[in-house]
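# Report on the structure
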Amino acid sequence: MYLGNLKSDYKRSVLLLLFVCYLPLHVFSQEDDSHQSSFKDFNKFKELFTFHPNKKKAAADSTLYASKFIVAPVISFSPETSLALGVGAKYLFKFKGSGDETRTSNMPISLRYTLNNQFILFSGFEIFTNQEKWVIAGNIRFQNFPQLYYGIGHDTPKKNEERYDFVQALFEPILLKQVVKHLYVGAGIRYNHIFNTEFVEDGLIDRERPLGFDGSTSAGAEFAILYDSRNNILNAKEGWFLEFTQGFYEKVLGGTNSFGLTRFDLRYFVSLSEKNNGYGDILGFQFKGHFSNGDTPVSELASFGGDKILRGYRKGRYLENHLLATQIEYRKNFKGSRWGAVAFLGTGVVADEVNNFRLKNFRPNGGIGLRFMLDREENLNLRADWGVGDEKSNIYLNLSEAF
């Protein structure tokens, strides 16, 4: 019954996705065919959802950044959530005295409800102090997130597919101090609570009973290193990004399990041209790793797939202790237009032990996508991607780039 409803929702969601992609082009070009008129019309529409808390003070004081508080309806789509509708807010600001050398701080929050009867409250923030001497980064998430479970391992069959429901509360703030330009070192805490689990009686999960299948709490401290020379944190056109975290989770800190978690995320962006008024084509690379050791609960295992990396695979299609994944994306911007397109290729692998990574177990993915620029100043895009894995394809609709 669930799968039948999902297929029906999927068809309706695809139609809405196509409509959403078509709407901006239609609305903002019907009155005047010129690009400049379209840009002005769209900017007027966007301003309906944008508030400027310090507009008058910023106009009178050049040391102040004209901050933005944007509130708008949110529409997203992924195979994990189906169509999601809700409201989102984004606060873009700089502290007094910050100049061009300080990137814009980003504090978003969104609340969505999906056709799969899920609710998702999320904020992934990145705050820069003056001259970027300190960075405060992290995630806050509270969600009811049913997902599909196939078992643990690199070769679990699709026929194992089983629904697994749980509620998650995640709190992960990290404070980092600048050591030299672009390089930061710091620490933080991470609390990840999984509860209200539901699964099929006598099903795969009930039979296998992986560690933490009926709920878990991860509580611990994290050591972090960050190198970030990107020119823009929402949609970089040049620069490096490296985030490394080492987490230590113990029962004495309030957790249910004792384990370690090592994660890294390396990205590189290069501008292929300076044409199109500064919006030239871009090539982006990403290499990501996730390594766990000890009594790792199932909620903390490396998860293969999703809307960020390995697009085309359902999130959690393969679960294991360790993961390596990489992708390359070519971003094309059309001159004089808000529209763009991307093409991406990637691959990834999971393994129970580091020395068990095998070239033959790497699984490919690829795809194409459309982009519509919502905010030229902040370089913020609406993205629609079609990703293909080795079993099927999936569609994703969301704000900002995958990486």
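The structure displayed is predicted, hence computed values, not measured ones.

Moving on, we come to the environment of Val298. Its location among the elements puts Val298 in the loop between β13 (282-294) and β14 (302-304). Here the alpha-carbon distance between Val298 and Gly215, two residues 83 residues apart in the chain, equals 9.1 Å. Filtering out sequence-adjacent residues up to four positions away, Val298 remains in contact with Tyr149, Tyr164, Pro210, Leu211, Gly212, Phe213 and Leu319.

This paragraph deals with the pairing of strand β17 (residues 339-351). One ladder, built from 12 bridges, connects strand β16 (residues 322-333) with β17; its direction is antiparallel. Opposite Gln327, over in β17, you have Gly346 as the bridge partner. Connecting the antiparallel pair β16 and β17 is a turn made up of 5 residues, with Gly336 showing a positive phi of about 70°.

Looking now at the pattern of salt bridges. According to the stated counting rule, one finds 24 salt bridges in the structure shown. Its salt-bridge partner being Asp228, residue Arg230 comes within 2.9 Å of it at the nearest N-O pair. Judged on exposure class, the residue Arg230 and its partner Asp228 are both buried. It is possible to trace a salt-bridge network through shared partners that takes in Asp307, Arg311, Glu329, Arg331, Arg371, Arg383, Asp385 and Glu401.

On to the pairing of strand β4 (residues 105-114). When strand β3 (residues 82-93) meets β4, the two strands line up antiparallel, connected through 10 bridges. Looking at the pairing, Phe93 lines up with Ser105 of β4. In terms of strand pairing, β4 meets strand β5 (residues 119-128) through 5 bridges, oriented antiparallel. Its bridge partner being in β5, Arg112 is matched across the sheet by Ile120.

Mapped onto the secondary structure, Leu48 falls in the loop between α2 (35-47) and β1 (50-51). With relative accessibility at 62%, the residue Leu48 sits in the exposed group. Placed 22 residues apart in sequence, Leu48 and Ile70 show a C-alpha to C-alpha distance of 9.2 Å.

All right, on to the environment of Asn257 then. For Asn257, the position within the fold is in the loop between β11 (239-249) and β12 (259-271). Residues Asn257 and Pro297 lie 40 residues apart in sequence; the distance between their C-alpha atoms is 7.1 Å. Excluding anything up to four places from it in sequence, Asn257 contacts Leu211, Ser216, Thr217, Tyr249, Glu250, Lys251, Asp295 and Pro297. Polar contacts involving the side chain of Asn257 include one to the side chain of Thr256, which spans 2.6 Å. There is a polar contact of 3.4 Å between the side chain of Asn257 and the backbone oxygen of Asp295.

About the thresholds
Residues numbered from 1 in each chain as written. Predicted model: local features only at pLDDT ≥ 70, side-chain atom pairs only at ≥ 80, totals over all residues. Heavy atoms only, no water. Helix = DSSP H or I, 4+ residues; strand = E, 2+ residues; numbered from the N terminus. Contact = heavy atoms within 4.5 Å. Pairing = 2+ DSSP bridges. Salt bridge = Lys/Arg side-chain N within 4 Å of Asp/Glu carboxyl O. Buried < 20%, exposed > 50% of the residue type's maximum accessible area, 1.4 Å probe, protein only. Polar contact = N/O pair within 3.5 Å; in protein donor to acceptor, adjacent residues only side chain to side chain.

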